[in-house]
Amino acid sequence: MSEQSQSTQIQNAPSASEDCSYRHLYVVIEHDDGKPVPVSLEMLGEARRQMDIFNAKYSSNEKVVAVVLGNNVRNLCEEMIYYGADAVIYAASPELQYSRNLVDTKVISKIARNADLTRNFSPEYADSFKKPRYMFFAADSIGRHLSSTVMAELESGLASDINKLVISDLDIRHEHKTKGQTIRYEKTLEMYRPDFSGFLWTTILCLDNRNPVAPKEFHPQSCSIIPGVFEPLGRDTSRKGSIVDYTPEFGEHDLAVKVLGRQVIKSVVDFESHKAVISFGRGIKESPEENIKLVAELADELDAAVGISLPISKKPYPVSEATSSTYMIPDRVIGTSGRKVAPMLYIAVGISGAVQHIVGMKESGFVIAINPDEEAPIRGECDMFIKGRMEEVVPLLVQELKKQRPAMQVSNR
Amino acid sequence: MIGMRSLNVAVIVKLEPDFSEGNVSYNADGTLNRAETKSILGPHSAIASLAAFYSKVRYGARITVGTMGPPIADAALQQAQMLCDADELHLYSDRLFAGADTLATAETLKAGISKMQGGIEGMDLVFSGHRASDGETGQTGPQTAWKLGFPFLGNVIDYNLDLERRTIRAKRLISLQGFYDIVEEIEAPLPAFVSVDPSYQPNFNTVSQRLALGRYRKEAAERSSNYKQYLKVFNAQQMGVDPKLVGLPGSPTIVYKVEKIPKAKASRKSEVIDGANPEHIRLAAAKIHEILSGAVVK
Amino acid sequence: MVERFDAVIIGGGSAGLAALKQLANQGKQAVLIEAGTSPGTKNVSGGILYSKKPKDGKVYNVEDVYGQDFLSDAPFERMITKYMLHATSKDKIFSIDLTAAHHYQANYGCSVLMNKLNSWFAKEAGQSAEKQGGGIVSGVHVRSIGWKSNEESIAIIETDELEPFEAKAVIAADGVNSEVAELTQARDKFSPHQLYQGVKVIVKLPEQIMEERFGIEYDSGAAHLFAGDVTLNHIGGGFVYTNRDSLSAGVVYHYDSLMRNPSEPHTLVDTLLQNPMVSEFIKDEVAVKQEIDKNLPKEEQLRIQFAVSKLIKTWGELRHAYYSANGRKGLIESGKYKSDEDIRARVESIKQELESKYSTRFVTDYVELEYSAKIIPDGKRCAMRQPYYKNILFVGDAAGRGIFIGPRIEGINVGIDDAARAAESVARAIDRNVFSEDYLGQYYSQSLEASPYTKDMREIDKDYLKIFLDAAKEVPRDIIGQRYGMVLKLMSSGTLRGLAIGFANILGFERLLPLVESEETYVQVPIELADRLGKQVTSTYNPSIPTVAQRIAKLKYNDDRISHIKVLDPQSDFMKKMVKLCPTNCYSLEDQSVVLQHEACVECGTCAKETDWHHPRGEMGVSYQYG
């Protein structure tokens, strides 16, 4: 470690003994009745990568620990290991079937403070274990709140909506934390959160107070992670790990909130889980039925979701009932009076680019327009403008995409 | 409602930069120019105020709006009063509170709520917004709830109270990004802490309720034009907070650095491709594969 | 339990609000249901509001309903003191002073903007109504009306937003496209020959620049009417009215004439704006942004964009205030500026900064604030003969009641008069607790019969006609003579005039109308007048007129995903004409079929005749800020 040469000038932290009280990275898993929410796998993937680096760098053996609350979801626990967890702490109870902030906070906080649970997968650190070193939550409508209340209970700090993480040793000089002295904080989690403007990254640190006036530890260092940012690991059934059962006990107040009912609102169209969205508009008009089929074929080739511009939802063209009820529905409308999408790739076929439509897709990564009219407003809203009639361009494009497909897959390996 | 205890409601709000077009101003590096941008009641705070207002129109609640901030934050209180016809406005303002992260802010707000009518024991419902738009991230609400010991109900899109049983029945919108959306109906005893989903819209569905709504709105407009009459300002000492738990000393987190996010996304200057030229189409197909393989990260 | 109210008024325009106020004045409980977010947001008018002084009979004027507060609070724009008619042909204009016609039997006539006016009415009426346990409920759209099977006089009102409720008496003030009338089939939908289409733009103009340009003072105003080539061969004309610090410029054309020879409504208003006299009326100093260099870093582009927008906004606001005595006073009182000169210097320095730093140019152009459209009922052709149904009374536009005689267009004051009569009828019914057609409806109908306005809708007023003849004295007889020789002869002496009009009135207004309301009157004669006698007027610039799309983009909408209009026959001739006649281009033609995109609809009702037409649900659709 080249940095050590400098550390002689730096007042070393009086925390070497404390450091061993905080071990492992706990990942709070979200799932729907045993089916993991994608961000859970993404968090595990990132946790695995971080802890592999961490253990190599610090010659330690700290674990990625998935925390699962649920009812009859042991299968999920195994899956967590396949996706990168070293161990799973599983709190099973009918009371935990659905996420409820109050009781979940109680259970997770107790798990976080329970050294015995760690003995099973990390006996060497169990005796001195007080709390996890790091903790990950999902930055979604459950995790955002859960992370907040758990940290309020554990009296530690939290950064939300993180999209980049680095663990490093940092020399910190802070008016209060270090009383103006430079102190090295080892194994610090740098939590990057994109600023509201979208221009800036703010790095948040959760640091112990090493100010002699009011020393205080703040662990775990925790964050909530934006879904869709980190890559999950591939599922690997050869991964091994232990599942530790934890039997939660509840006080009466813990169960004060009752779930009376749950109603799933499933949109027919799932734009969010596709990397690409293909939308069509009035440009299909010359032969609507055939042209919609062309769009469907292109979407199929790219595993893309299909969207439409508003006029299409008014069913302006005669098509078969099947086509009409599949595609010409309000649920597919992208724009002000419909959905807003932000796929990596957006292809607008025969869409002129009315403002109302642009609002719904302007956040997309790369935009391709297929349109015969170079003067159409969509021209100024796309990265690539393929000039031509969709009847001619789309078949050519599909053919070419198919041709290039194997080559791309090989080069990806 | 004779013999029934009145309903004490608190709303926690925040003064935020106005991000609407024409009002927001940016520095040369693209960061927010706070000096030039005027501040308003945050949009989520506004929704929380509306949710509290519902409890006034439907259940005759007594409302106190509280905020932590510099003296100018009273503007947020005034705007909130306009929305919820608040009976009292609280400003928690002290240099000691400066630099607080969410945990330390929650500590201050808890102390603030203890100063409201009836104290923490007499409080029935606390509302907060979903999140602030200028950096804080929806943590303050749940953390304040936890410190108060109130059950936290997040993402609430609709609620009603049973004043006899002293319970709240609420609908929550749980949205797990692209995975599923669920509307969950829950019941909790009062007191409770409610964070309101941005899609919350109070629903008044009889003519009489609407007429009452009109009357309270008018009262709200009158009150907020004399808001100082309803305003109480508290400093740390008056609130009896432990200085170790608020401001910088009470904050586990710090902002370590701020940097520009490297821009990957090009502006949309379209490259025109001839749809009849097979070579062009070949290039287009290659580009599509490149994007979808993740070579270009958003 | 279903809530029940003595009186429910449907529609919060100036007629509905007057009914509410008048009921409250008589100590009665009434609830007014308005679909817009607040009263005034759905209303458009030309607009001049008159207070009338009829030679026979009595009308309820605005100050009879609201008291003298109307004049002291002044929710109106300007008292109109100058009233001119201009015959146009290309760059030539022949002007006739019609101030006498404006003053005819009038206490006064003032320019108004409906949002401000109705907001004030709503404040006054709402306060009074609250004291009687009623009030205004906005954002609620009435969907249906039924009656209790056992109690004929209890109406059950269903809305899109609220639990159903009951009313003993209903006043339908829901406008020219009255859904209440349609639901009850109390009358047929109006047809093109009974209607006019009005399209208007509000033009921003600093107060004192306007006063100098129009030769008016702080407490006076001008109205200018236009006929001739600006009509593009339609029956009707254009107008420019001075508001406090804006102009209302618009056109009103007979719907039949638009059907015969379809012209796009915005083209008609654009033609008016391009007339040199009108161009000169509306002109102002306008800042034009320099294109931002696209090669600059994106953040820099953004920064410049914000800086320039903000400076231009400040410059515009400050300049606008500078040209108003009240504006300057306010700025000095705020402590930000010491003197008028101080303000002027600041305006100038911002302008210089914009010019030197950002290459902003300052040019002569005009600033449009709002585009709007409305269908206007021609009372002489469509006033309801029986303006009631069961316990519902129809007032104002909903009853098809408006005065439309040459340049005399009066709607607001007619609606207020109707409303006061309806309120009185309902109050009487409440007192006796009898809400039958006989007791309520017929009484109201008789009261309307006694209204001088009803007479105006049925008969030619010879005194009003004489004013025109006098005003046109200087017009050479041969121009008018060719066409109206016979009429002129009859009208030239008092005795003959009396006889002729008596005879005409026996024949019936309706049969005479095609003679007078003709292209001759509105197009050919004015053109000839202008060509032969007109003075040349030139304009120094070409106004850059926004497209319909740009105009729509400026309007405030609350989009409803569900369309409030359904096309019944997408292939009908009528619907095909809507492609042209819809003021906001909501219709397009696809493969011989008419397709509707309702998002830009301003709810004028131009297409109502042959569509399944409803007002949007509560708070949905367009919200006018001027109106």
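All residue numbers refer to positions counted from 1 along the written sequence of the respective chain. Here every chain gets a letter starting at A, and every ligand a number starting at 1, in the order they are written. The predicted nature of this model means local features are confined to residues of pLDDT at least 70 and side-chain atom pairs, given and counted, to a pLDDT of 80 or more, with totals for whole chains, interfaces and linings taken over all residues. In computing side-chain properties, one takes all heavy atoms of the structure into account and sets aside hydrogens as well as water.

Q: Account for the overall build of chain B, with residues named and values stated.
A: Along its length, chain B carries eight helices and 13 strands. Note on exposure labels: buried denotes an accessible area under 20% of the residue type's maximum, exposed denotes more than 50%, and partly exposed covers the range between, all computed with a 1.4 Å probe on protein chains only. For chain B, with 298 residues in total, the buried portion stands at 56%. Two residues form a contact once any of their heavy atoms are found within 4.5 Å. Pairs at least 24 apart in sequence give 72% of the contacts found in chain B among residues at least 6 apart. Areas reported here follow the Shrake-Rupley algorithm with a probe of radius 1.4 Å; residue values treat only the protein chains shown as occluding. Approximately 12,100 Å² of chain B is accessible, and the part contributed by carbon and sulfur atoms is 50%. Only runs of H or I of at least four residues qualify as helices and only runs of E of at least two qualify as strands under DSSP, and these elements are numbered from the N terminus.

Q: Let's hear about the domain arrangement of chain C: which residues, and what values?
A: Each assigned domain of chain C is listed with its residue range as follows: domain 1 (3–77 + 112–187 + 384–458), domain 2 (287–365), domain 3 (462–517) and domain 4 (556–622). Residue ranges labeled as domains rest on an automatic or database domain assignment. Here domain 2 of chain C and domain 4 of chain C have C-alpha centroids that lie 40 Å from each other.

Q: Could you give an account of the interface of chain A and chain B, naming the residues involved and the relevant values?
A: Between chain A and chain B, the residue contacts involve 107 residues of the former and 86 residues of the latter. Note on definitions: buried area is the accessible-area loss of two parts on being combined, 1.4 Å probe, summed for both. Buried area between chain A and chain B, summed over both chains or domains, comes out near 8,200 Å², and the portion from carbon and sulfur atoms is 64%. Think of a salt bridge as a Lys or Arg side-chain nitrogen and an Asp or Glu carboxyl oxygen that are within 4 Å of each other. Between the two partners, chain A and chain B, sit three salt bridges. For the purposes of these results, a polar contact is taken to be a pair of N or O atoms within 3.5 Å, where, inside protein, one atom must be able to donate a hydrogen and its partner to accept one; residues adjacent in sequence count only when each atom of the pair is a side-chain atom. The interface formed by chain A and chain B holds 29 residue pairs in polar contact (both at pLDDT 80 or more) in total. Considering every element that reaches the side of chain A that touches chain B, the biggest residue donor is helix α12 (residues 390–412) of chain A, with 10 residues.

Q: Outline the interface of chain A and chain C, supporting the account with residue identities and numerical values.
A: At the interface, 13 residues of chain A touch 12 residues of chain C. When chain A packs against chain C, close to 1,000 Å² is buried across both sides, 50% of that on carbon and sulfur atoms. Here chain A is connected to chain C by one salt bridge. Ionic pairing is found between Glu590 of chain C and Arg282 of chain A, a salt bridge with its closest N-O pair at 2.4 Å. Our enumeration of links across chain A and chain C arrives at three residue pairs in polar contact (both at pLDDT 80 or more). Considering only residue class, the side of chain A that touches chain C consists of six nonpolar, three polar and four charged. Nonpolar residues are Ala, Val, Leu, Ile, Met, Phe, Trp, Tyr, Cys and Pro. Charged residues are Asp, Glu, Lys and Arg, and all others, Gly as well, are polar.

Q: A description of the pattern of salt bridges should follow, citing residues and the corresponding values.
A: In the structure shown here, the tally under the stated rule is 85 salt bridges over all chains. For Arg166 of chain B, the salt bridge goes to Asp124 of chain B, with nearest N and O atoms at 3.1 Å. Pair noted here: Arg166 of chain B is in the loop between β7 (152–162) and β8 (167–176) and Asp124 of chain B is in the loop between α4 (119–122) and β6 (125–128), with a separation of 42 residues, a long-range link. Linking Arg408 of chain C and Glu410 of chain C is a salt bridge whose minimum nitrogen-to-oxygen distance equals 2.8 Å. Across this residue pair, the class does not change: Arg408 of chain C and Glu410 of chain C are buried. Each of Lys56, Asp85, Asp87, Glu219 and Arg223 of chain B takes part in salt bridges that share partners, so that together they form one network.

Q: Account for the sheet that holds strand β5 (residues 87–92) of chain A, naming residues and giving values.
A: Residue and element names in this part refer to chain A. Strands sit in the order β7-β11-β6-β1-β4-β5-β12 across an open sheet of seven strands; the sheet is parallel. The sheet is open, and its two edges are formed by β7 (158–162) and β12 (242–246), each paired on a single side. Each strand axis lies, on average, 25 degrees off the axis of its neighbour in the sheet, ignoring direction. A pair of strands is labelled paired if DSSP reports no fewer than 2 bridges between them. Sheet topology places strand β1 (residues 22–28) next to strand β6 (residues 131–138); five bridges connect them, and they run parallel. Note on β6: the bridge partner recorded for Tyr26 is Met135. For helices, the fitted line uses only the C-alpha atoms of the stretch in contact; every axis is such a line through C-alpha atoms, and the angle between N-to-C directions lies from 0 to 180 degrees. Relative to the sheet, helix α3 (residues 74–82) contacts β4 (64–70), β5 and β12, its axis offset from that of β12 by approximately 140 degrees.

Q: Residues and numbers for the pairing of β4 of chain A, please.
A: All names here are of chain A. Counting buried residues in β4 gives seven out of seven residues, a clear majority hidden from the surface. Across four bridges, the pairing between β1 and β4 is parallel. Bridge pairing links Val28 to Val67 in β4. Relative to β5, β4 runs parallel, the two being bridged by six bridges. Residue Val67 lies in a different strand from β5, and its bridge partner there is Ile89.

Q: Give a description of the nonpolar core that names residues and reports values.
A: Take the buried residues of types Ala, Val, Leu, Ile, Met, Phe, Trp, Tyr and Cys, join any two whose side-chain atoms come within 4.5 Å, and each joined set is a nonpolar core. Formed by 61 residues in total, the largest nonpolar core has its most connected members in Phe214, Ile282, Met578 and Tyr587 of chain C. Once residues within four sequence positions are removed from consideration, Tyr587 of chain C is found in contact with Ile565, Val567, Met575, Met578, Val579, Cys582, Val594, Val595, Leu596, Cys607 and Thr611 of chain C. One finds Ile47, Ala48, Ala80 and Tyr159 of chain B within the second-largest nonpolar core, a separate group that totals 53 residues.

Q: Mind laying out the sheet that holds strand β17 (residues 367–377) of chain C, listing which residues take part and the relevant values?
A: By definition, the strands of a sheet pair up through backbone hydrogen bonds, in either a parallel or an antiparallel sense. Residues and elements named next belong to chain C. The strand order across the open sheet built from eight strands is β17-β11-β14-β13-β12-β4-β5-β22, with neighbouring strands paired in mixed fashion. The sheet is open, and its two borders are formed by β17 and β22 (535–536), each paired with just one other strand. Across seven bridges, strand β13 (residues 236–242) lies against strand β14 (residues 246–254) in antiparallel orientation. By the bridge assignment, Val240 is partnered in β14 with Ala249.

Q: An account of the packing of aromatic side chains is requested, with residue identities and associated values reported.
A: Aromatic ring pairs: the centre-centre distance and the angle between the two ring planes describe each pair. Two aromatic rings from Phe, Tyr or Trp, using only the six-membered ring of Trp, form a pair when their centres are within 6.5 Å; if the ring planes differ by under 30 degrees the pair is stacked, by over 60 it is edge-to-face, and anything between is tilted. Under the defined criterion, the tally for this structure stands at 27 aromatic pairs over all chains. Ring plane angle 45 degrees and centroid distance 5.4 Å describe the contact between Phe127 of chain B and Tyr159 of chain B, whose orientation is recorded as tilted. Placement of Phe127 of chain B in strand β6 and of Tyr159 of chain B in strand β7 is noted, with a sequence separation of 32 residues between them. Accessibility classification places Phe127 of chain B together with Tyr159 of chain B in one group, the buried group. With centroids separated by 4.8 Å and ring planes inclined at 65 degrees, the aromatic side chains of Trp315 of chain C and Phe362 of chain C adopt a geometry described as edge-to-face.

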